[in-house]
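One-letter residues, chain by chain:
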Amino acid sequence: MKKLLGRLGHLFIELAGTLGSAAIMFKSVVFWSFMSKPEMSEMAKQSVKIGVDSFVVTALTSFFTGMVLALQMGQTTRNLFNEPLYVGTIVSFALVKELGPVLTSIVVAGRAGAVVTAEIGTMRVTEQIDALYTLGTNPSRYLLVPRFFAFLLTLPLLTIFADFIGIAGGCLVGSSQLSIPAAIYFDDVLTYLSFKDVMHGYVKTYFFAFMIAMVSCHKGMNTKGGAEGVGKATTEAVVLSMVLVLVLDYFVSSMLVAVGL
Amino acid sequence: MIEVKNLCKAFGERHILDGMSVKIQEGDLFSVIGPSGTGKSTFIKCLIRLLDPDSGEILVDGEDIASTKDEFRLARIRRKFGYLFQEGALFDSMNVFENVSFGLKYLTDIPKSEYPRIVREKLALVGLKDVEKLKPSELSGGMKKRVALARSIAVEPKYILYDEPTTGLDPVMTGMVRDMITDMRDKLGVTSVVVTHDLKLALNISSRVAMMYGGRFVECSAPEDFKKSANPEVQEFMRISGIK
Ligand SMILES: Nc1ncnc2c1ncn2[C@@H]1O[C@H](COP(=O)(O)OP(=O)(O)O)[C@@H](O)[C@H]1O
Ligand SMILES: [Mg+2]
C-alpha cells in the first residue's frame, strides 16, 4: 500500500515536472515567434515535410472512410425504410464535424509527429541542439517555431481537403452501389450542412495541431540515451498524441457546443 | 580571462561538480584531464551555460554569467566561444558549406557573398579542400572533427573549448588534431580549454594541466610541475596512462 502510494506520488511529481517544462517550452516558442525574424525557408521546408508529405495518406484515409460510411448508412436505411435515405447528410456531418478532423490529426500525429520527434531527438542526443546555442541560434527559434507554424498551417488545410475527398468517396459509393444520383446526394449534403458545422470541425483542428506540435517537439527536446532513446521518445510521442487527439476531441467539442458552434 | 569560482552542479543526488575554482589566462592552452565520467564535459558545458550550474560564479572577461536568465546577454557571451563537440555535432541535414557558414549568419553582419571565401579559408586552416558539397554522413570521423572545428572558428572566437578532441581517432589523426589545436593558438591567438582523458596529449601541448577528481581540481600546474606532483590521484592516473 505504502509502496503503491509512493509510486503514485512519483508519477504525479513526474507529470507536474513534464507539464512545467512543456509550459516553459511554450513560453519560449511564443517569445521567439515575436522576437525574431521568421525563418522563412525553414517554415516552408517544414510545411512541405509535415503537410504536403502527409497529403496522400490523409486523402486515402478520408476517401475510404467516406466510402464505408455511405455503404453502411445506405444499407441501414434501406433495411429500415426500403430505400437509402439521407446518405449524403450523414456522411457529410460525420466527416465534417468529427471524422475529418480526428482521422486527419491521428494520421498526421503518426506520420509527421514521429518525424519531428525523431529528428529533434537525434539532434538532442548528438549534441546538435547544443551546437545551435554555440552558433548564436536558439533552438526554439530555429527548430520549434517553424514546426509549430507548419502544424498550425497544414493540419487545418489537410482536414478541409479530407472533408471534400471523403464526401466525394461517399458519392462514389452512393451512385455506384446504392443507386443514389449524385445530384440527390449533394442536395442532401448542402441542404442540411451549415457553415457552423463546418466551423465546428475546422476550429478543432487548431487545437489538435497545437497539441501534436507540443507533444512531438517536447518529447524530441527531452530525448535521452542515444539511438535507443530516440526510438523510445518517438513511440511515446506518437502514442500520446493519438490518445490526446481523442481525449481533446471530446472536451473541445463540448466546449464548442457550449459556446454555440 | 575566464575565472571560475566555487562552481557546483549536481544531477539529482550525484554531485558532479563540487566547488571547482580556476583562472584561465589569455593565451593559455589549458587542459582538463580525468577518467571518463568524472564530469569534464559537464564542466565545459557549464562554462557557456549549455548546462545551468547550481551555484558558483563564472566570470568571462569580468562578466558573471553563472546565473543570468537573459537570453541575449548569454548569446553575446557565447559569441566569444567556439566549441568542438565530442562527436562533432555537425548538422546532418546540411552540407559542409552550410554547416561552416551557419554561425556567420547568426553571429555576424558579414554579407552572404563573402561566405564562400570565408568557408574556403577556414577549411584550408584545418587542412581540407573541396569538401563544401559533401554531407556529414559522407565524411570520415577525422574529417567530421575538422569540419566541426572549421565551423567553430568561422566566427573567429576568442576562446575555443575542445571536448575530447582525439577520442576515437587513429594515431595519425590524433597527431593531426594535436597540431590543429596548437595551430589555432599560434595562428589565431585563441585561448583554449581542452578536455581529455589523454594525459600524453595534455602534457604535450598545454601551458597548464588540471586534474579533475571528485568534483574538484586536485592539481593545476604547468606540465613539468604536473609530472612531479605528489598528489596520489595524479600519480595513479599517470601510472595507468603509462607515463613513468
Ligand atoms: N544530463 C545528465 N543527467 C544526468 N546525469 C548526467 C547528465 N550528464 C552527465 N551525467 C552524468 O554525469 C557524470 C559526468 O558526465 P560527463 O561530464 O559527461 O563526464 P566526462 O565528460 O568526464 O566523461 C556521468 O556519470 C554522467 O552519467
Ligand atoms: Mg565527456
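Residues numbered from 1 in each chain as written. Chains lettered and ligands numbered in written order. Predicted model: local features only at pLDDT ≥ 70, side-chain atom pairs only at ≥ 80, totals over all residues. Heavy atoms only, no water.

## Here we look at the overall build of chain B
1) Next: Per the secondary structure count, chain B includes 9 helices and 10 strands.
2) Next: Radius of gyration (C-alpha) of chain B: 18 Å, near the 18 Å computed for a compact globule of 244 residues.
3) Next: With respect to the three principal axes, the spread of C-alpha positions in chain B is 55 × 45 × 30 Å.
4) Next: Counting over 244 residues, chain B shows a buried share of 55%. (Helix = DSSP H or I, 4+ residues; strand = E, 2+ residues; numbered from the N terminus. Rg over C-alpha atoms; globule rule 2.2 N^0.38 Å. Buried < 20%, exposed > 50% of the residue type's maximum accessible area, 1.4 Å probe, protein only.)

## Looking at the domain arrangement of chain A
All names here are of chain A.
1) Next: For chain A, the assigned domains are domain 1 (1–33) and domain 2 (40–258).
2) Next: Its C-alpha centre places domain 1 at a distance of 26 Å from the equivalent point of domain 2.
3) Next: Together, the buried faces of domain 1 and domain 2 total about 870 Å²; carbon and sulfur atoms form 82% of this surface.
4) Next: Of all residues in domain 1, M25, V29 and W32 give up the largest surface area on contact with domain 2, accounting jointly for 63% of the area buried on that side.
5) Next: One can count 0 salt bridges joining domain 1 with domain 2. (Domains from an automatic or database assignment. Buried area = accessible area lost by both parts, 1.4 Å probe. Salt bridge = Lys/Arg side-chain N within 4 Å of Asp/Glu carboxyl O.)

## Thoughts on the interface of chain A and chain B
Accessible area lost upon the coming together of the parts is a frequently used measure of interface size.
1) Next: On the chain B side, the residues contacting the 19 residues of chain A number 22 residues.
2) Next: Of the roughly 1800 Å² buried between chain A and chain B on both sides combined, carbon and sulfur atoms contribute 62%.
3) Next: The largest share of the area that chain A buries against chain B comes from A:E127, A:T134 and A:L135, three residues that together contribute 36% of it.
4) Next: If you look at where chain A meets chain B, you find 3 salt bridges.
5) Next: Close ionic contact of A:E127 with B:K45 constitutes a salt bridge, the shortest N to O distance being 2.6 Å.
6) Next: Counting across the interface, chain A meets chain B through 4 residue pairs in polar contact (both at pLDDT 80 or more).
7) Next: Element by element, the count of residues in the side of chain A that touches chain B is highest for helix α5 (residues 128–134) of chain A, at 6 residues.
8) Next: Along the lines of polarity and charge, the residues of the side of chain A that touches chain B split into 9 nonpolar, 6 polar and 4 charged. (Contact = heavy atoms within 4.5 Å. Polar contact = N/O pair within 3.5 Å; in protein donor to acceptor, adjacent residues only side chain to side chain. Nonpolar A, V, L, I, M, F, W, Y, C, P; charged D, E, K, R; others polar.)

## Some points on the side chain of A:T58
Residue and element names in this part refer to chain A.
1) Next: Here T58 lies in helix α3 (residues 55–81).
2) Next: At 2.9 Å, the side chain of T58 and the backbone oxygen of F55 are in polar contact.
3) Next: Those residues in contact with T58 that sit more than four places away from it in its chain are T104, V107, V108 and L158.

## Observations concerning the confidence of the model for chain B
1) Next: Residue-level pLDDT values for chain B average 91, and 100% of them are 70 or greater.
2) Next: Here the prediction assigns the complex a pTM of 0.91, and the interface score ipTM is 0.91. (pLDDT = per-residue confidence, 0-100.)

## Topic: the site of ligand 1
All names here are of chain B.
1) Next: Surrounding ligand 1, one finds F11, R14, I16, S36, G37, T38, G39, K40, S41 and T42.
2) Next: Between an oxygen atom of ligand 1 and a main-chain N or O atom of T38, the distance comes to 3.4 Å.
3) Next: When the free accessible area of ligand 1 is taken as 570 Å², the share hidden by the protein chains comes to 63%.
4) Next: No other element matches the 3 residues that helix α1 (residues 40–47) contributes to the shell around ligand 1.
5) Next: Tallied by class, residues from the shell around ligand 1 come to 2 nonpolar, 6 polar and 2 charged. (Near = heavy atom within 4 Å. Areas by Shrake-Rupley, 256 points an atom, 1.4 Å probe, with all protein chains shown as cover.)

## Here's the deal with the pattern of salt bridges
All names here are of chain A.
1) Next: Enumeration according to the criterion identifies 30 salt bridges over all chains in this entry.
2) Next: Put simply, R141 and E39 hold a salt bridge, and the shortest N to O gap is 3.6 Å. With R141 in helix α6 (residues 139–177) and E39 in the loop between α1 (2–35) and α2 (40–50), this residue pair connects regions lying 102 residues apart in the sequence. Accessibility classification places R141 together with E39 in one group, the buried group.

## Brief notes about unusual backbone geometry
Residue and element names in this part refer to chain B.
1) Next: Even without glycine at this site, N6 takes up a positive phi of about 55°.
2) Next: Along the chain, N6 turns up in strand β1 (residues 2–11).
3) Next: With phi around 55°, A89 is a residue other than glycine that occupies positive phi space.
4) Next: In this fold, A89 is placed in the loop between β6 (81–84) and α3 (96–107).
5) Next: Among the residues examined, A89 registers a relative accessible area of 4% and is labelled buried.

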